[in-house]
Each structure stands twice: as structure tokens, then as C-alpha cells.
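Overview (structure and organization)
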Amino acid sequence: TSSLCSSVCQWPMIRYLMIKSGRVATMVKNTFEKQKAEIAIMENEEKLKSFINNSPDTIYLLNLADHTTEYFNKDEFLGYSLAELNQEQSLLKAIHPDDSQIVHTHWQQIISGNEQGEILPVDYRIQHKNGDWVWIHQRVTVLTKTEQGVPSQLVVTLSDITERKLTEQTLEEARNALEQRVK
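Reference entry: report on the structure contained in this document.

Conventions we followed
Within each chain, residue numbers correspond to sequence positions counted from 1 in written order. Only residues with pLDDT of 70 or above have their local features reported here, since the model is predicted, and side-chain atom pairs are shown and tallied only from 80 upward, although totals for entire chains, interfaces and linings are computed over all residues. To obtain the side-chain values, all non-hydrogen atoms of the structure were used and water was disregarded. Three exposure classes are used, based on accessible area relative to the maximum for each residue type with a 1.4 Å probe and protein chains only: buried under 20%, partly exposed in between, and exposed over 50%. Helix and strand definitions here come from DSSP, where helices need a minimum of 4 consecutive H or I residues and strands a minimum of 2 consecutive E residues; each element is numbered from the N-terminal end. Here, strands pair whenever DSSP counts at least two bridges between them. Classification of ring pairs uses Phe, Tyr and Trp, with its six-membered ring standing for Trp, and accepts pairs whose centres are within 6.5 Å; under 30 degrees between planes counts as stacked, over 60 as edge-to-face, and the remaining range as tilted. A ring has a charge above it when a Lys NZ or an Arg CZ is no more than 6 Å from the ring centre and no more than 35 degrees off the ring normal.

A short note on the pairing of strand β7 (residues 151–160)
Along β7, 8 of the 10 residues are buried, which leaves the element largely enclosed by surrounding structure. Of the pairings in the sheet, the one linking strand β1 (residues 58–63) to β7 comprises 6 bridges and is antiparallel in character. If you follow Asn-63 over to β7, its bridge partner there is Gln-153. Sheet analysis places strand β6 (residues 133–145) next to β7, joined by 9 bridges and oriented antiparallel. When the sheet's bridge partners are listed, Val-140 is paired in β7 with Val-156. Between β6 and β7, which pair antiparallel and follow one another directly, the connecting turn spans 5 residues, one of which, Gly-149, has a positive phi of 85 degrees.

Concerning the packing of aromatic side chains
Across all of its chains, the model carries 1 aromatic pair by this definition. Plain terms: the ring middles of Tyr-60 and Phe-72 are 5.4 Å apart, the flat faces sit at 15 degrees to each other, and that makes the pair stacked. Taken as a pair, Tyr-60 in strand β1 and Phe-72 in strand β2 (residues 68–72) lie far apart in primary sequence, 12 residues in all. In this pair, the class of Tyr-60 matches that of Phe-72, namely buried. For the cation-ring pair, Lys-165 lies above Trp-135, with the distance from its terminal atom to the ring centre recorded as 4.6 Å.

See the structure below:
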């Protein structure tokens, strides 16, 4: 803040006004405090923006009223560009056929507002633009609701958990093989 304050704050003027009148000095002090608060807010906004943009997860803000993505922290997701992702139901076509019903039910519960309390995460597969299947762990947070209590804005966080799923599969196969040997 000191580098920002040096260009915004006017210390000699404050000293002069303090000598001249206590009332004016208070006004200048309040202005100075307001400037300090505004600088702190700007710095915190920059930190938050950097934190979100550098997250390994994909995070986006979904407006349910007009089905638009208001914010996306990445330039692409699984090889799909922002323009492709912003097309209506773009990723729904890429969901693995075995997972489509789970995802559809999950989103219907969220959109209808029938979820009570915390919205449980869901894992499913999406086809990367290159053809590979990628396991995704999706978390949804309701940011705002309508007067009727129906979600209107959602924060969606998507994590690539493919390595974890492959490890789980390998462990399951090893456990099954061991059980077969023991029998």
C-alpha cells in the first residue's frame, strides 16, 4: 500500500490543514482513510482474481436466468474454447453415455431448487476434444436465488480426477485378484 499511497496521499497538505483547522483536518483524515480502504479493496480484489485464475480447477459463474456463463477462469476446458463452451448445452453432448442420467438428474435437482442444504458433488466422464475420456469432479454452490427460492446464479467448480479414478480402478483390480487367490 505504501507505493500506491505515495501517489494518492498528500502528507504535506494534511499537516498544513491540521495546523490551520481541526475540522478540516478531520475531513482530510476521513478522505485519507477512505482512500486507504479503497486501495485495500482493490488489492484484495486483485489477490482474489489471481487466486481464482491460477487455480488448477476450472471455475465458472453460471447465470440460470439466461443460460450464460458470466465468468470463466480458463481460456479453454478439455480442449474446448470459450466460444464452444458458451454454446447452449455444449458439454452435455460430451458427457459419457453411462453418466448422462446421473448428470441430468443432478442438474435438474439444482435448477429446480429441490436441493436441501449443501449440494452434493458428482463425478462423471466428459470426452476431451481429442477423444479421451476425462473424469470430472463437479461441485456447485448456489450464489443467488430468486424471490421464489430457485437458484439463479451458480458457481461451478470442475476438477480433473482422472488419475485418482485410474488409481482406484487399479487398486480394485488388485484387491479382486488377491481375493481370487485367497479363495
